Each structure stands twice: as structure tokens, then as C-alpha cells.
Amino acid sequence: EIWRQRLELSFLAEDVKSSQESVARLHDLEPDNDVLSLMIFDTYMSKLNTATERIEAYQSLLSQPTRESLSAPIASRLALDLAILHQRVGDHDAYAQWLGESIAADPSHREALVRASTFYQDNTDDPIGEAELLLSMVRADPADLQAQVQVGRLLLENGAYLGASRIYEIIERNTISLMNQ
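Residues numbered from 1 in each chain as written. Predicted model: local features only at pLDDT ≥ 70, side-chain atom pairs only at ≥ 80, totals over all residues. Heavy atoms only, no water.

Draft legend 1. Local environment of the overall build of the chain. When helices and strands are tallied, the chain shows ten helices and zero strands. Counting from the amino terminus, helix and strand elements in the chain follow one another as α-α-α-α-α-α-α-α-α-α. For 181 residues, the compact-globule estimate of 2.2 N^0.38 gives 16 Å, and the C-alpha radius of gyration of the chain, at 20 Å, exceeds that figure by more than 25%. Its C-alpha atoms give the chain principal-axis dimensions of roughly 60 × 45 × 30 Å. A burial count over the chain gives 34% of its 181 residues as buried. Accessible surface for the chain amounts to roughly 11100 Å². Of this, 53% is attributable to carbon and sulfur atoms. Considering the chain, the positive charge centre built from 15 side chains and the negative charge centre built from 29 side chains are found 4 Å apart. (Helix = DSSP H or I, 4+ residues; strand = E, 2+ residues; numbered from the N terminus. Rg over C-alpha atoms; globule rule 2.2 N^0.38 Å. Buried < 20%, exposed > 50% of the residue type's maximum accessible area, 1.4 Å probe, protein only. Areas by Shrake-Rupley, 256 points an atom, 1.4 Å probe, with all protein chains shown as cover. Lys, Arg positive; Asp, Glu negative; His and termini not counted. Charge placed at Lys NZ, Arg CZ, Asp CG, Glu CD.)

Draft legend 2. Examining helix H6 (residues 92–105) more closely. The end-to-end C-alpha separation of H6 is 20 Å, in line with the 20 Å expected for 14 residues at 1.5 Å each. For H6, the set of buried residues is Ala94, Tyr95, Trp98, Leu99, Ser102, Ile103 and Ala105. The elements touched by buried residues of H6 are helix H4 (51–61), helix H5 (72–88), helix H7 (110–123) and helix H8 (127–140). (Expected span 1.5 Å × (residues − 1). Contact = heavy atoms within 4.5 Å.)

Draft legend 3. Geometry of a nonpolar patch on the surface. There is a patch of nonpolar side chains on the surface, built from Val149, Leu156, Tyr161 and Tyr168 and spanning about 370 Å² of accessible area. With respect to the element layout, Leu156 can be found in helix H9 (residues 145–157). On the basis of relative accessible area, Leu156 is assigned to the partly exposed category, the value being 39%. (Patch = residues over 30% accessible without salt bridge, like charges linked within 9 Å, V, L, I, M, F, W, Y side chains within 5 Å. Salt bridge = Lys/Arg side-chain N within 4 Å of Asp/Glu carboxyl O.)

Draft legend 4. View of the pattern of salt bridges. Tallied over the full model, the rule gives six salt bridges. In this structure, Arg110 engages Asp144 in a salt bridge whose closest nitrogen and oxygen atoms are separated by 2.8 Å. One end of the pair, Arg110, is in helix H7; the other, Asp144, is in the loop between H8 and H9, with 34 residues separating them in the sequence. The exposure class assigned to Asp144 is buried, which follows from its relative accessible area of 8%. Linking Glu130 and Arg153 is a salt bridge whose minimum nitrogen-to-oxygen distance equals 3.4 Å. Of this pair, Glu130 sits in helix H8 while Arg153 sits in helix H9, and the two are 23 residues apart along the sequence. Classification of Arg153 as partly exposed rests on a relative accessible area of 28%.

Draft legend 5. Structural detail: the nonpolar core. Formed by 37 residues in total, the largest nonpolar core has its most connected members in Phe41, Leu62, Leu70, Leu78, Trp98 and Leu99. Elements that contribute at least two residues to this core include exactly helix H3 (34–46), H4, H5, H6, H7, H8, H9 and helix H10 (161–179). When residues of this core are assigned to their parent elements, the largest contribution, nine residues, is made by H5. Once residues within four sequence positions are removed from consideration, Leu62 is found in contact with Arg67, Leu70, Ala75, Leu78, Ala79, Leu82 and Trp98. (Core = buried A, V, L, I, M, F, W, Y, C linked by side-chain atoms within 4.5 Å.)

Draft legend 6. Representation of the packing of aromatic side chains. Scanning all chains against the criterion turns up one aromatic pair. Ring centres 5.2 Å apart and planes at 70° place the aromatic pair Tyr95 and Phe119 in the edge-to-face group. Of the two residues, Tyr95 sits in helix H6 while Phe119 sits in helix H7, which places them 24 residues apart along the sequence. When its relative accessible area of 2% is taken as the criterion, Tyr95 is described as buried. By relative accessible area, which is 22% here, Phe119 ends up partly exposed. (Phe/Tyr/Trp six-rings, centres within 6.5 Å; stacked < 30°, edge-to-face > 60°.)

Draft legend 7. Spotlight on the confidence of the model for the chain. Looking at the chain, pLDDT values average 88 and 99% of them are 70 or higher. The least confident element of the chain is helix H1 (residues 2–13), whose mean pLDDT is 75; the most confident is H5, at 96. (pLDDT = per-residue confidence, 0-100.)

Have a look at this one:
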């Protein structure tokens, strides 16, 4: 508990060195804590100066056998970070590849699903693939009305009027349910 309090105070004081030490000590005590593990990875990555160095580091972390030691949420987050880095340097093929790796590692990773859906909509003309991604978003967060509306819109645009009608009925029930809570 003392290390956790020290970490909070270090953040408030913006004492980077003390924060890093506190995270390291807490991680020693709680090695399965994904939040602490991600903080350690982020600290390590922030010390690398170039995109090339960071890409190599992420790829090393995400390759076997290191990959096997990572939890699914961590592997997904690291793969998404790598995808975003590839996007920033203009490598769209690698962006798509690592975005897919992120979703494969953790199919409920909402940020990866949203990015993949947007990327898919912008770069393909495949309503079935788009529907699969949108339905994955709905499964990841059933309360996400926006994803449900997007599924309904996609069904309408592609002539699946009965399916769209069912989706909009579900949205209506969900909205009423949320309002009554």
C-alpha cells in the first residue's frame, strides 16, 4: 500500500523518477497487474528516440517466445500501439496487419475494433467484413448504441431491410431500458 501511495504522490508531484521506481516496486509485488506492466512498457518505449527503434522494440515484445508471456489485453494494447506507430510513419499495410493482431489477441479491445472498423470502411468495399467488425464492437460493448446504429445503417444501405428493422427495434428497447435505469 505504501508503494501505491508513493506512486500517487509521485504523479501529483510530476516526479518521473520516483513514479518509475514506484511502478517497478509495485510490479515486483504484483507481476500479473496489467496496468503496471503497461506502465513499465510505456516507460521503456518513451526512452527510445526514433520510430524505427520503437517499431523494433514492439516487434521484439510481440514475437515468440516473449509474446507467450504477455496477457491477451497487454499483447493487444502493444499491437495497437505498434499499429498506430506504423500509421504515423505512413506504412498502411503494417498498420492493418498489427491492427488485426491487436484484435486477434483480444477481440474485446474496443479501441482496436473502432480503428479497424474505420480503416475497413475507408479502404474496402466489403459490407460483410464491415458488418463482422461492427458486430464485434457490439459484442465487446453491448451498451454501445452507436455501434448498433452503424450496424442498422449498414444493413439499410445494403438492402437488408428486415435485419435493419430488427436492429432498430433492439436499439429502441435498449434505449428505453437505459432511460429507465
